[in-house]
Every structure is written in C-alpha cells, then in structure tokens.
Amino acid sequence: MSVTKVLSTITLAFATVGALFSCKPRGAESAVSGDAASKVYVAPGKYDEFYNIVSGGFNGQIGIYGLPSGRLFRIVPVFTQSAESGYGYSEETKPMLNTSHGFVPWDDLHHIALSRTNGNHDGRWAFANGNNTPRIARVDLTTFRTSEIIEIPNSAGNHSSPFITENSEYVVAGTRFSVPLDNDNGDVALTTYKQNFRGTVSFIGVNPQSGEMNIAFQIQTPGINFDLARAGKGKSHDWVFFSCYNSEKANTLLEVNASAKDKDFIMAVNWKKAEEYVKAGKAHKQAVKYAHNMYNETNHTATSTMMNEVVVLDPKECPDMLYFIPCPKSPHGCDTDPTGEYIVGSGKLAAIIPVFSFTKIQQAIANKTFDGEYDGIPVIKYEAALHGEVQKPGLGPLHTEFDANGNAYTSFFVSSEIVKWDVKTLKVLDRVPTYYSIGHLSVPGGPTNKPWGKYVIAYNKITKDRYLPTGPELTQSAQLYSIDGDKMKLLLDFPTTGEPHYAEALPADLLFKKQRKIYKIEENAHPYASKGEGQSKVERKGNEVHVYMTSIRSHFTPDNIEGIKMGDQVFFHVTNLEQDWDVPHGFAVKGSNNAEILVMPGETQTLKWTPDKVGIIPIYCTDFCSALHQEMQGYVRVSPAGSNVPLTWNTGKNGPQASDTTKKVAIK
C-alpha cells in the first residue's frame, strides 16, 4: 500500500473518532437497561461475586475491584513507590525496585495474568508486566502484595507479556522494541536497523509450589516488534502465539512506515520443542545483567540479586520451533479460544477479523505449505492456516475474549463498540456501543479453558460526558455489560485509576478464604524485630542509631528518645504487636523527606531518617487505629554534632525537669 493510501486510512479513522467525540451520543443516558441497578447493587454486608484484577497502566500499580459493583478495594503498588503503604520507601521494600539501571521507582504496567492449574484460575498469583524497564512481577493473592520482580535482559520494552501457559509452567514476554541485544555493540547507526536490530521472546519458568520465577530460556527473533500473545490450550497446549508488527523493520515514522505492507504476522512458537533444544545443549549462554528481587514473608524483607547470564536459542539452529502466519497489518490482539483450536488475530487497520485453525496450522507445517521465509523462518500460507474471516465486524479490532458458549467478544477502538460473534460460524451476533474508544476488554475467566462468563468489562481510553469533569483530564473508566442473554446490556459505568489496559476477573470464592489476616508475632524472623515492649531499645553503631520500636493501641515504645545528633542516620524498626485483623499501624517522622511506613499486625518495617536540623521532632502514627489514635505520638531530640547528650529512651516516664533559670519579666 502506498504512503498516500496509508495516510488516507489513518485520516479516515481519526475523522471517525472525532465524529464520535463531537457530541454526546444519542440515548447515552438511557443506554442502561431498567433492571441494571438491581444487577449491580451489592447490599450492605454482602460481597461482590468476582475480584477484578486491573492493570494501572502508567501508574505502575494494580487496582482490585469488585464485580458487579465496580467498587475499588485496594491499590497494589508493584513497580511504583507508594506513600500510602510505604512500599519502595521502607528499607525492607526498597530492594523490590532495584534493577540493572539502579533504583527505578516507576514503570508502565499494561497487562495482568492470573496463575492457572489445568487451564483454569487457581487463585494463587497475579503476574504483571513492566513495559518501560522490562520486568515481570508476581503478586501474592493471599496478601495482595508484590512478592517478586524479575528484570528481563535482551529486551527493550516489555509490552507483550506476561501471558501464561495452561499450568503456569511459563510466563512469556516479547520485546516491544527490537534493538541490538545486550551483548552486541549497541553503538550503531539507526539506519542499520535491518542489519543490527534483533528481537527476543523470553520464557520465564514458574515454580509450581512457591511461584518463584527464573528465566528458563530466550529465543532470538528477527528485528520486529511484539504486541500481545496468548498461550495455547488443550490440543495447542505446547504452543504460544505472538502478534507482531513492523515486519518492514522501519525505524522512523512507524505510523506510516510500519504499515506499508498489507500483512504482518502471528508468530507461533513450539515451546515444548524449545525445551528439547535447551536440554540438547543448543542454547548459547550470553553474559547479561539483570535484577531478581524477592520479598520474604518470614523476615518481612526483600533482597535483590544481580544475575549475569541467560541461555538463548537461535531459530536458525533450531528447526520446527518458530513459524510465521500472515495476519492483517499491525495486529494487536492474538487470542486463543477455550478449546485451543482457534487463534484470533486483530489487525488494527483491517476491516475483517482473521480466525486461524490450530489443526490447519499443524497440517500446513506437516505438508510444508509455506509461502517462503522471513529471516529464515518459514511463513505458513495465509489460506492454509485460516479457519475463516469475520466480515465487517467493526473498525479497529483490538482484543478478543470468550464465554463458555462458543462466543467471542472483540473490542473496537475506532468504532467504540464491543462486538459479539460466533467462533465457529464467524457470524456477528450482537454489538453494543462503549463511551468511548475501548481498548482491552475482559470476561471473567475469558482467557481460561472454562470461562465463567456472565459479564464483559470494557476498559475505555476516553470518558467524555460520562463523569463530572476534573480539569483537563477526566477519570479513566470501565463499563460492565451483562452477557447472560443473547444481547449484551450495559449495567454500570465505574471510574478506574491510572490507564487500565488488560484485566482478569475470577470468582471471589477462589480468594476469600485464603486471605492472610495477621503475621504471627512468634514467627517474625526480622533481625530487628521487638516481639514485646520489653525488647524495645535504642542502639548506636557509629553514626547509625537503631531504634527497636513497638506499636500497639495506642502508643509507641519508646516514645521519647534523646541523644540523636546531626550527622546521624536513624533507623526506626517498628514492630506492630497487634494480633488482630485489619489493625495496621503507621509511622512517620515530622518533616522527613521519606514517606510513612504502614506496618501490618505482627510485622516489622523500617523507616530511615536523617535529621536535618537541631530541635524536637515529633513522631506519630499515621493510620487511625483507636479512639486515642491522635495521642499515639512521641518526640525525638536532635542535638548538634559532637554534643555530649547521652542516648536515652523511655515510654511513660518523665525524667527530671531541667531547672528554669530564665529571669521572669513582670508585665506591667
């Protein structure tokens, strides 16, 4: 396609979007069905049916919502410091944000994957990607805390992740931007893209008991860009399918130069075959540098280990491992249905949706029904792999999920709608508008072998006319639709945090009874834990002062400390002695350039403080814990460097008052 035609297509698409936003859609107020309120209403004291685990996009966090109510329950900090919880501020959690580039307290979190057993959600872990500084995180769903983060070497951007195989054998990650690999000479001209730029897909192993991750192997690929991926299911269990774009290998003005060809690719990877090649010694070791960060729930402390090697497979040396399938250009979604037979590609600029057959793909491979090669990798003929095309589904298809009845639901960004269609017959069954510009969508259990269905949730990019305005930027949004019947029905709008991309939802019953309520104080293995007020103390080690502090409703021990001097570094190791659910204690130092720490029952966390002036500095609890929360405070005296003020501490004892020798002046 010529550059002129491409620009015309893009202009038309944006003109369509502009028309959508030019005025409030007719009937927007009445788009919700009459019984919607009863379907989403969760009465006081009742619980939501589903947990909705939602990516936070550019806020680097995960939002936990209830369905059908749309209520926000928690923000889980993952790649971002959180002043609310102290994550990334406490000494124990700072290592979680370590990378080969140093301390990186932000990332762009796009996608969620929930752990599975036999292809279905098991309620153990949520995985999330860091798109900017390539990382994968694992969140423990019994605590809703980030337990592990592993950096991905040989990757420049990590959008195509963290898609998961049927039994959580692997979390997979494809690089968004192809660049020279880490052990290559990166000082090359940008115009040498085709000669020097490479891609990779990474297979990150997951320990079936602990969930601990490791980079099992990487596969080097041509210098294309990977957008999304899905693992196979059932008959396609051994495969993963990645959507690829920029097969033109352009390095500038990609909106035109990466849309020159009519088709890009779906890349099919036989990961079982890759495992065999690794075991046979076909992988090459590469010297790289990446961080692996783990949080220990026993000593409440994270550690960061710098790793220095990965093994990489070259497909040119490993036949029958990689194949390309042509797909309408610039595909976004690449989704497998619950049976594992059908793979749906979504070319963002296409007027059709191609659906590929795994059976036909295998037949084409066996018969070598190829349409040449791309960088030495066989390209399967489009028609040989195709089950069929969904005709005139909408404008700008992005992402597809499935129910348990053989139906697919695809989001359309440009025409702002969800379209329901039959996977086998490819017939469009229904369509509903979204307000506006839907990105991803989610069906509870939609990426699993047995979806629960019932709802589809739209995650929209723009929310004009839907909420009270809040300055130049409006809230991000989601919309809940019923899919119980033949027709989809809008039930609820609800605001979200950040820019949500993908989400997964699972039944509340899978998580409800697994929730950790406290940390047993007797099992606290933190080296600075004080398991009772009698163990509290203050110790000096050179210019370091370590405060072994306890908190309980409604006081700290100690709450009066003297003998701190300018130039000291003070470490407040706060142990929460409570053994009751939902009684955390906060701790903050007035004027500190750090955040608070929030300490769960039975836990120990550390706040580091460097005094910046002489005087009396208040300390206090930041989390409302009792009727006397306001009284839960204390004081630290800071003296000049070299002062002879002794190091003393106490709680509940007033020392001798200094005599007041100041002359009193009578007021006339």
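Residues numbered from 1 in each chain as written. Predicted model: local features only at pLDDT ≥ 70, side-chain atom pairs only at ≥ 80, totals over all residues. Heavy atoms only, no water.

*Asks:* Break down the sheet that holds strand 34 (residues 503–507) for me, with residues and values.
*Replies:* Ordered by their spatial adjacency, 4 strands build an open sheet running 3-2-1-34, and the pairing between neighbours is antiparallel. The strands lining the two open edges of the sheet, one partner per strand, are strand 3 (72–77) and strand 34. Recorded for the sheet is a direction-independent mean angle of 20° between the axes of neighbouring strands. (Pairing = 2+ DSSP bridges. Helix = DSSP H or I, 4+ residues; strand = E, 2+ residues; numbered from the N terminus. Axes fitted to C-alpha atoms, helices over the stretch in contact; angles between N-to-C directions.)

*Asks:* Give me the lowdown on empty space enclosed by the protein, citing residues and values where you can.
*Replies:* Inspection of every chain in the model, using the stated rule, returns 1 cavity of 30 Å³ or more. Empty space within the largest cavity amounts to approximately 30 Å³. The set of elements that each furnish at least two residues to the lining of the largest cavity consists of strand 20 (331–336) and strand 26 (397–402). Take the lining of the largest cavity: its biggest share by element is 3 residues, from strand 26. Residue classes in the lining of the largest cavity are distributed as 2 nonpolar, 3 polar and 4 charged. (1 Å grid on protein atoms, 1.4 Å probe; cavity = no way out; pocket = protein on both sides within 12 Å on 5 of 7 lines; lining within 4 Å. Points joined across faces, edges and corners; volume = space filled by probe spheres on them. Nonpolar A, V, L, I, M, F, W, Y, C, P; charged D, E, K, R; others polar.)

*Asks:* Account for helix 6 (residues 358–367), with residues named and values stated.
*Replies:* Residues of helix 6 that are buried: Phe-358, Ile-361, Ala-364 and Ile-365. Down the axis of helix 6, the buried set is contained in an arc of 120°. They therefore lie on one face. For helix 6, exposure combined with an orientation more than 90 degrees from the buried face picks out Ala-366 and Asn-367. For helix 6, the capping residue at the N-terminal end is Ser-357, with a side-chain oxygen 3.3 Å from the backbone nitrogen of Thr-359. Positive phi appears at Lys-368, one or two residues downstream of helix 6, with a value of about 55°. (Buried < 20%, exposed > 50% of the residue type's maximum accessible area, 1.4 Å probe, protein only. Arc of directions from axis to C-beta. Polar contact = N/O pair within 3.5 Å; in protein donor to acceptor, adjacent residues only side chain to side chain.)

*Asks:* Which residues make up the sheet that holds strand 25 (residues 386–391), and what values do they have?
*Replies:* The strand order across the open sheet formed by 4 strands is 20-21-22-25, and the pairing between neighbours is antiparallel. Either end of the sheet is taken by a strand with one partner, and the two such strands are strand 20 and strand 25. This sheet shows a mean twist of 20° between the axes of neighbouring strands, independent of strand direction. Judged from the 3 bridges that link them, strand 21 (residues 342–347) and strand 22 (residues 352–357) form a sheet pairing that is antiparallel. By the bridge assignment for strand 22, Ile-343 is matched with Phe-356.

*Asks:* Outline the packing of aromatic side chains, listing residues and values.
*Replies:* The tally for this structure, following the rule as stated, stands at 23 aromatic pairs. Each residue in the set Trp-239, Phe-241, Tyr-323, Phe-358 and Phe-370 is aromatic and connected to the rest through ring pairs, giving one cluster. Over the ring of Tyr-382 we find Lys-263, and its NZ or CZ is 4.6 Å from the ring centre. Between Lys-348 and the ring centre of Tyr-245, over which it is positioned, the NZ or CZ distance is 5.7 Å. (Phe/Tyr/Trp six-rings, centres within 6.5 Å; stacked < 30°, edge-to-face > 60°. Lys NZ or Arg CZ within 6 Å of the ring centre and 35° of its normal.)

*Asks:* Report on the pattern of salt bridges, specifying residues and quantitative values.
*Replies:* Applying the stated criterion across every chain, the model contains 22 salt bridges. Where Asp-122 meets Arg-124, a salt bridge forms, and the shortest distance between an N and an O atom there is 3.1 Å. Looking at Arg-124, the relative accessible area reads 24%, which means it is partly exposed. Across the pair Glu-276 and Lys-273 runs a salt bridge whose closest N-O atoms are separated by 4.0 Å. One end of the pair, Glu-276, and the other, Lys-273, are both in helix 5 (residues 271–279), 3 residues apart, so they sit about a helical turn from each other. Taken together, the shared-partner salt bridges in this structure form one network comprising Arg-230, Asp-335 and Glu-401. (Salt bridge = Lys/Arg side-chain N within 4 Å of Asp/Glu carboxyl O.)

In short, geometric facts, not functional conclusions.
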